[in-house]
Amino acid sequence: MLIMYYDTISQSYEELYGEEQLQKARIILEYIAPRGLLLDVGAGTGICTKKFELYCTCIALDPSSELLKKYNGFKVLGVAEALPFPDNSFDTIISITVLHHTYIQQSLKEIFRVAKKDAQIAITILKKSKVDLGLFVAFKKIDIGEGLGNYIKLDHLILYDL
């Protein structure tokens, strides 16, 4: 099971994935101006969440309790498919290289449910994940290079890894 995998590698997660995740966070920050209350869906250790703390109040959400233990900020144990927050709660939502591990249609439904009407949403999805990009027809693709092709949402613009 995927959660057990991430619980097992929690001690070395940042060494394994940290630089790649931080690079994606830096790219997202080139396209959005985070504000207000931010939700990081699938935050893991909060390595990327920390990059956004300079701009807004952040909440890290992840299903792995072991990964979340590494983050010192506000954190919630939970899954993308059933976000434990009221409707219209967040000004900014990010999800970096996570949603392809979920039931993506339900996860997107939940993300839009908890997003405010003028929320900024940034999502990265691995190119090799074979996610149905038809789910993102309302989003504009921004290709930012080999291995880091992304889409981002600013009102109606989304970055996500293909």
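Above this text is the structure in question.
First, a word on what this report is: a plain description of the structure on this page. Just so we're clear, the structure is a prediction, and the values are computed from it rather than from any experiment.

On to the state of the cysteines. By definition, a disulfide links the sulfur atoms of two cysteines through a covalent bond. Taken as a whole and assessed by the stated rule, the structure comprises 0 disulfides. In this model Cys56 remains outside any disulfide bridge; the closest cysteine sulfur is found in Cys58, 4.2 Å from its own. Cys58 gets classed as buried once you look at its relative accessible area, which sits at 4%.

For Thr49, the position within the fold is in helix α3 (residues 49-52). Given the relative accessible area of 0%, Thr49 is considered buried. Sequence-distant contacts of Thr49, that is, excluding residues within four places in its chain, are made with Asp40, Ala43, Cys58, Ala60 and Tyr71.

Another aspect to go through is the environment of Gln120. Looking at the element boundaries, Gln120 is found in strand β5 (residues 115-124). Under the relative-accessibility criterion, Gln120 is labelled buried at 7%. With 27 residues separating them along the chain, Gln120 and Ile93 place their C-alpha atoms 6.3 Å apart. At a separation of 2.6 Å, a polar atom in the side chain of Gln120 contacts the main-chain carbonyl oxygen of Ala33.

Quick look at the packing of aromatic side chains now. The full count for this structure, using the stated rule, is 1 aromatic pair. Judged by centre distance (5.0 Å) and plane angle (90°), the ring pair of Phe85 and Phe90 falls under edge-to-face. In this pair, the class of Phe85 matches that of Phe90, namely buried.

Conventions we followed
- Residues numbered from 1 in each chain as written.
- Predicted model: local features only at pLDDT ≥ 70, side-chain atom pairs only at ≥ 80, totals over all residues.
- Heavy atoms only, no water.
- Disulfide = S-S within 2.5 Å.
- Buried < 20%, exposed > 50% of the residue type's maximum accessible area, 1.4 Å probe, protein only.
- Helix = DSSP H or I, 4+ residues; strand = E, 2+ residues; numbered from the N terminus.
- Contact = heavy atoms within 4.5 Å.
- Polar contact = N/O pair within 3.5 Å; in protein donor to acceptor, adjacent residues only side chain to side chain.
- Phe/Tyr/Trp six-rings, centres within 6.5 Å; stacked < 30°, edge-to-face > 60°.

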